[in-house]
Amino acid sequence: MIRYLAGRFAQSCLVLFGVTLLTFFLLFILPADPARMIAGRSATIETVNRIRAELGLDRPVPLQYLQYVARLVRGDLGRSYAQKIEVRDLLLSRLAATAYLMVAGIGFELLLGIPAGVLAALRRGSTADRLIMVGAFAGVSAPQFAVGLLLLYVLAFRWGLFPLGGYGSFAHVILPAFTLGIAGGGWYARMIRSSLVDVLDQDYVRTARGKGLPRGKVVLKHALRNALLPIVSMVGLDIGTFMGGVVVVESVFGWPGIGQLAWQAIQIVDIPVIMGVVIVSALAIMAGNLLADLIYPFLDPRIRYE
Amino acid sequence: MRSRLWVLLLIFPLWLSLVPTAPAQSGGSIVVTFKDDVSTLDPAIGYDWQNWSIIKSIFDGLMDYAPGTTKLVPHLAESYSVSKDGRTYTFKLRKGVKFHNGREVVAQDFKYTLERVLNPKTQSPGAGFYGGIQGAEAFASGKAKEVSGIKVVDKYTLQITLTKPNAAFLHTMALNFAHVVPKEEVEKAGADFGHKPVGTGAFKLKEWVLGQRVVLVRNPDYFIKGRPLVDEIVFQVGVDPNVALLRLQRGEVDILGDGIPPARFVQIMQDPQWRKLVEVGDQLHTGYVTINTRMKPLSDVRVRRAMNMAIDKERIIRIINGRAIPAVQILPPLMTGYDKTYKGYPYDPAGAKKLLAEAGYPNGFSTVLYANNTDPNPRIAQAIQQDLAKIGIKVELKTLAQSTVIEAGGKGEAPLIWSGGMAWIADYPDPNDFYWPILSCASAAPGGWNWAWYCNKELEKLAEEADALVQPGQEAERAERFRKIFRAIMQDAPWIPIFHEKRYTMHSARVGGAKGIFVDPIHIPVHYDEVRVVK
Amino acid sequence: MGGLAVVVAVVVVALFAPYLAPFDPAAQFPDGLTPDGRPLPPGSRFLLGTDLLGRDLLSRMIYGARISLLVGVVANGAALAIGTGLGVLAGYFRGWIGILFMRFTDLMMAFPALILAIALAAILRPSLWIVALVICLVNWVWVARVIYSQTLSLSQKEFVEAARAVGASTSRVLLRHIFPHLWSTMLVWGTLGISTTVLFEASLSFLGVGVRPPTPSWGGIINESQSYFLDAPWLVAFPGVAILLTSLAFNLLGEGLRDAFDPRQVRNL
């Protein structure tokens, strides 16, 4: 196990290296000049050039990348071009809120998706099944901004059941997490339904039922555990995706997550902040996938890692 | 004798309490919402319309504007005088003004502040405004250790000498970049000064939770007695404008920092309950399309005039729900030098087609229009696209991120650019701010903001001469000269002026203030020092 | 078979758009807006109402079907094919191929697609092919990970080991024993993916990568009208329902096809 984890750690460093390299060079291909964005409208050409020199943007790009990596290994993520404060501080200020929304969002996705999908699989072909499936598609097709705005308008503004966006208590996270749950729950419902149906149809399940084991026990013990395999993959993927920021939901609900930070940074080409967000996102994606990989053997003992 | 003295001593404080003091400050706390995070509160660096007014409440400069107006008045300077040749300004400072850390402000602080702005290490966007000070160039390029043109005559007297007279110089002394900062605090905080600002202003920074809120609290030692009028301002960031409006309607928010969201504008203005909470005013703003005068066929002035005649400005204003007035010239109505009698180019698509044919394009031609992709700019761009199509000009639309459009403009690659989202709101209320950065030969260079690449050497000379009229009493003459300059520019039609946006500020019923502070042309959205809680 | 009918209808609409649309989708009608500039709700002249520039929504939706089909079905389908292929290979062979593949997916997931899109928009001529390319580059990762985990599990099941013991070639094992069990996952991603891809195309076009205004697309209409949802809900509702119906229809079609060729049913005969 230790060897496996050590191996994964080494691979993660390589991936991180690859991501930063690609992103860095892509940012320099962008036809945008951070120095001009900072200098603003009335700046003279000399001012823009001086700012560019101060930021080190006039040096050759590979050299800039090496300098970036040299600082990165020391834990220095640089300073934001626009705000001048440390990128590390900016990211830390958003981390807790992003993680909180991630956990709550995945929670709602599972809460809405799994029971619905299981029910649909058990009552396959019935009206309930069809309704749940339409509901799943509706949730996925519904644009998040509109859903969020509607929820806020009805539940928070009109009926006053929830605060009108913001961050703080448990009440604040319910609506944004619910919006994420609607958008993602459909995937979980569909996936667990189809993999459950698959498993229920397989021969060994039929054999077990033929032996006389009651249906409920069969479902819970054998079928569900196997059907959860792709679900675990999806949760791992969601951890990574959500930690990279969900800008639409964050914008509507005023949630101080990393998504809003990334969006603003991209508009003004604030390279250190963009790089910082990409690194955080990459780390979260790898952590999420690692978690999923570690859980697989518990669901299917036949999966082994050499 | 003693007992009478005692009695007097006892009565005296009672009597004092009956005397009315200065206008009562209302106290209280107000909430302002913004979508974007406050980027920085360092006056040398902050240059977006969001932090501009907040910085004005934490810092002060030598000059300022009377609240609600564009009238320039001395602020931290008690008085000033201009030399006969118009190149030397002498400022006498107010005594007893204190920084938030308790130290008194002296002339040396202003020298430090301006040199800090000119120092390339600070990366200040405003360095260009002070390049006209003698010795500024030498200092900025590292050849000199200080700016020779800024002299500390004595503890409370500052003298600034320019290389040539500039009638807008006093306006530049009112810009945030010239707001005084304490050297010891800047050195202590280093690059973090923008998040730990220490100034002389009506408010002090109390708390800043990144990504959530900035809280300002009253400065009890502010040099203007009776200001500010509230005890605390809480800026909540990350709030979507539509949600901010809902919160204001529920009484949780006092001022919408980003204004009324376009999606709800009409409903608000038609509902009397909410309409009375909206103040309307003018801005120093023009929205325009720049025409690249160096690209064929746009280099032909007849083509540019035809394009001016093809745009239905009233329809475009309807698309933005009537929030603007049509523009026929470059300067906005509030600006000195605005020409009330100028009619500009009429809306005349038939005449436009004729003019195009005269220029040799009876069947029109193809070109590209760049625009910012934030609402409502793509819609306005599509409306322009349709209007030009009616006279035969096939426009391909590129709606891109702001930084990309700016880059294309600065490189000279863009034939047409709609300025929305990047439009010109004046840095200061003087006409030369509409000339030098965006229409002068000096700015028609790679990286400049003169996206029309317009360069008229004669007009350049006239503008320089007009800027030399610095003596009091010459304002009318200067205004007339700039009127002529801008009229001449419109003859060349490097722009299509479309509209001047009006300001709509919505506030809750519990706040109020003197007339005009909610549509103060310099302080957007409101003049924070002048707003008070009325309920 | 209702699924097939809807799919055929959408394809027909997309192909014959110029003949079916009542108005020019780019025409901005002065009477398409109220006097104070608001869009019109569904009425007698504009059957589904107008958008924020006074253009007929129905006509825009009819033309928009083209983009949405191309992006949602073709681009998403390509991403699905790539993802499934790579996921199966990595899950079946494991070892170095598997590790390399998995880290590659991590890399592609962490890669900021938006920045790639902006960069491409500036360098190349914006077109729908770039959108399709970006979608393929980005979307294959998710289905690949899920397919990988399922293939891992399947390839160690008894019937696969039995087939290998008997001497079946790799391709036969993959095709006859593994793929049939992946079909349901592929179906999920092929159908739900249509919805997310259509909405994603809107974000890409917003950044200037894909269709340029005034070309309409369902996702694009939703994107530009979202803030107006409380006052002009038809601008979000109608395209949203169109997306929903299209992906549902493909789902029904796919399930029908799967049931027709189900290996288990074949075995039962």
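Engineer: Is there a simple way to explain the overall build of chain A in this structure?
Structural biologist: Looking only at helices and strands, chain A has 13 helices and zero strands in total. For chain A, the N- to C-terminal ordering of α and β elements is α-α-α-α-α-α-α-α-α-α-α-α-α. Each principal axis of the C-alpha atoms in chain A carries an extent, and together these give about 85 × 55 × 30 Å. Across the 306 residues in chain A, those meeting the buried criterion constitute 58%. At a minimum sequence separation of 6, the contacts of chain A that also span at least 24 residues come to 73%. Between the centroid of the 28 positive side chains of chain A and the centroid of its 18 negative side chains there is a distance of 8 Å.

Engineer: Explain the interface of chain C and chain A here, please?
Structural biologist: Chain C puts 57 residues into the contact, and the matching count from chain A is 60 residues. Overall, the association of chain C and chain A removes approximately 5,300 Å² of surface from exposure, summing both partners, and the carbon and sulfur fraction of that is 69%. On the chain C side of the contact with chain A, Arg 103, Ile 115 and Leu 192 of chain C bury the most area, a combined 12% of that side's loss. For Arg 193 of chain A, the salt bridge goes to Glu 255 of chain C, with nearest N and O atoms at 3.8 Å. For the pair chain C and chain A, the interface holds nine residue pairs in polar contact (both at pLDDT 80 or more). At the level of elements, α4 (95-110), α5 (113-123), α6 (128-154), α8 (170-206), α10 (234-260) and α11 (263-268) of chain C are the ones that each hand at least two residues to the side of chain C that touches chain A. With 13 residues, the single largest contributor to the side of chain C that touches chain A is α8 of chain C. For the side of chain C that touches chain A, a count of residues per class yields 30 nonpolar, 17 polar and 10 charged.

Engineer: Would you explain the nonpolar core in this entry?
Structural biologist: Generally speaking, a soluble globular protein has its nonpolar side chains buried in company with each other. Core analysis: the biggest nonpolar cluster contains 223 residues, and Phe 91, Tyr 130, Ile 160 and Met 173 of chain B have the highest contact counts within it. When residues of this core are assigned to their parent elements, the largest contribution, 16 residues, is made by α6 of chain C. A domain split of this core shows at least three residues from each of domain 1 (2-73) and domain 2 (96-299) of chain A. Setting aside residues no more than four positions away along its own chain, Tyr 130 of chain B makes contact with Leu 114, Val 117, Leu 118, Ala 136, Thr 172, Met 173, Leu 175, Phe 177 and Ala 178 of chain B. Core analysis: the second largest hydrophobic core is formed by 74 residues, Tyr 370, Val 405 and Leu 459 of chain B together with Leu 53 of chain C among them.

Engineer: Looking at this structure, how should I read the packing of aromatic side chains?
Structural biologist: How two aromatic rings sit relative to each other is given by the distance of their centres and the angle of their planes. Counted according to the given criterion, the structure contains 40 aromatic pairs over all chains. In textbook terms, an aromatic cluster arises when at least three aromatic residues are bridged by ring pairs, as seen for Phe 17, Phe 24, Phe 25, Phe 28, Tyr 65 and Tyr 68 of chain A. One residue, Arg 45 of chain C, lies across the ring of Phe 29 of chain C, its end atom 5.2 Å from the ring centre.

Engineer: Explanation requested: the domain arrangement of chain A in the structure shown.
Structural biologist: Reports often express the size of an interface as the amount of accessible area lost when the parts come together. Residues and elements named next belong to chain A. Domains assigned within chain A are domain 1 (2-73) and domain 2 (96-299). Computed from C-alpha coordinates alone, the two centres of domain 1 and domain 2 are separated by 33 Å. A per-residue breakdown of the area domain 1 buries against domain 2 is headed by Arg 8, Leu 16 and Leu 27, which together make up 33% of the total. Connecting domain 1 to domain 2 are one salt bridge. Here Arg 8 makes a salt bridge to Asp 293, at a shortest N to O gap of 2.8 Å. Between the two partners, domain 1 and domain 2, sit one residue pair in polar contact (both at pLDDT 80 or more).

Engineer: Looking at this model, I keep getting lost on the interface of chain B and chain C. Mind explaining?
Structural biologist: At the interface, 24 residues of chain B touch 26 residues of chain C. On the chain B side of the interface with chain C, the three residues burying the most area are Arg 318, Arg 379 and Gln 382 of chain B, jointly 25% of the side's total. Applying the counting rule to chain B against chain C returns two salt bridges. A salt bridge links Arg 212 of chain C to Glu 396 of chain B, with the nearest nitrogen and oxygen atoms 3.2 Å apart. For the interface between chain B and chain C, the tally reads 13 residue pairs in polar contact (both at pLDDT 80 or more). Of all elements in the fold, only α8 (265-270), α11 (313-319), α13 (377-390) and β16 (394-400) of chain B reach the threshold of two or more residues within the side of chain B that touches chain C.

Engineer: Help me out: how do you make sense of unusual backbone geometry in this one?
Structural biologist: Cis rather than trans, the peptide bond between Arg 227 of chain B and Pro 228 of chain B has omega equal to 0°. Mapped onto the secondary structure, Pro 228 of chain B falls in the loop between β9 (213-218) and β10 (232-236). Pro 376 of chain B follows Asp 375 of chain B through a cis peptide bond whose omega is 5°. Positive phi values are uncommon outside glycine, yet Val 269 of chain A reaches one of about 55°. Summarising the element assignment, Val 269 of chain A is placed in the loop between α12 (258-268) and α13 (271-299).

Engineer: What should I look at first to understand the pairing of β10 of chain B in this one?
Structural biologist: Residues in a regular strand point their side chains to alternate faces of the sheet. Residues and elements named next belong to chain B. With respect to burial, β10 is a largely interior element, four of its five residues being buried. Strand direction decides the pairing type here: strand β1 (residues 29-33) and β10, joined by five bridges, are parallel. Residue pairing across strands places Ile 30 opposite Ile 233, the latter belonging to β10. In the sheet, β9 pairs with β10 via five bridges, with the strands oriented antiparallel. The residue of β10 that forms the bridge with Val 215 is Val 234.

Engineer: What should I look at first to understand the state of the cysteines in this one?
Structural biologist: Residue and element names in this part refer to chain B. Under the defined criterion, the tally for this structure stands at one disulfide over all chains. The residue that forms a disulfide with Cys 441 is Cys 455, at a sulfur-sulfur distance of 2.0 Å. Because the torsion about its S-S bond is 95°, the bridge between Cys 441 and Cys 455 counts as right-handed. A residue pair is termed long-range when its members are at least 10 positions apart, and Cys 441 in the loop between α15 (436-439) and α16 (457-467) and Cys 455 in the loop between α15 and α16 qualify at 14 residues. A relative accessible area of 33% places Cys 455 in the partly exposed class.

Engineer: What should I look at first to understand helix α7 (residues 144-158) of chain A in this one?
Structural biologist: In an α-helix, one turn spans 3.6 residues; hence positions three or four apart end up facing the same way. For α7 of chain A, which comprises 15 residues, the first-to-last C-alpha distance of 20 Å matches the rise-based estimate of 21 Å (1.5 Å per residue) to within 8%. Where α7 of chain A bends most, the angle comes to about 25°, and this point is Leu 152 of chain A. For α7 of chain A, the tally of buried residues reaches 11 of 15 residues, placing the bulk of the element in the interior. Looking only at α7 of chain A, the buried set comprises Phe 145, Ala 146, Val 147, Gly 148, Leu 149, Leu 151, Leu 152, Tyr 153, Leu 155, Ala 156 and Phe 157 of chain A. Buried residues along α7 of chain A sit against α8 (170-201) and α11 (247-253) of chain A, α7 (241-249) of chain B together with α10 of chain C.

Engineer: Looking at this structure, I do not really get the environment of Thr 44 of chain A. What am I missing?
Structural biologist: Residues and elements named next belong to chain A. As for its position among the elements, Thr 44 is in the loop between α2 (34-39) and α3 (45-55). What makes Thr 44 partly exposed here is its relative accessible area of 29%. Polar side-chain contacts of Thr 44 include one of 2.8 Å to the side chain of Thr 47.

Criteria and thresholds
Residues numbered from 1 in each chain as written. Chains lettered and ligands numbered in written order. Predicted model: local features only at pLDDT ≥ 70, side-chain atom pairs only at ≥ 80, totals over all residues. Heavy atoms only, no water. Helix = DSSP H or I, 4+ residues; strand = E, 2+ residues; numbered from the N terminus. Buried < 20%, exposed > 50% of the residue type's maximum accessible area, 1.4 Å probe, protein only. Contact = heavy atoms within 4.5 Å. Lys, Arg positive; Asp, Glu negative; His and termini not counted. Charge placed at Lys NZ, Arg CZ, Asp CG, Glu CD. Buried area = accessible area lost by both parts, 1.4 Å probe. Salt bridge = Lys/Arg side-chain N within 4 Å of Asp/Glu carboxyl O. Polar contact = N/O pair within 3.5 Å; in protein donor to acceptor, adjacent residues only side chain to side chain. Nonpolar A, V, L, I, M, F, W, Y, C, P; charged D, E, K, R; others polar. Core = buried A, V, L, I, M, F, W, Y, C linked by side-chain atoms within 4.5 Å. Domains from an automatic or database assignment. Phe/Tyr/Trp six-rings, centres within 6.5 Å; stacked < 30°, edge-to-face > 60°. Lys NZ or Arg CZ within 6 Å of the ring centre and 35° of its normal. Pairing = 2+ DSSP bridges. Disulfide = S-S within 2.5 Å. Expected span 1.5 Å × (residues − 1). Bend = angle between axes of the 7 residues up to and from the residue.

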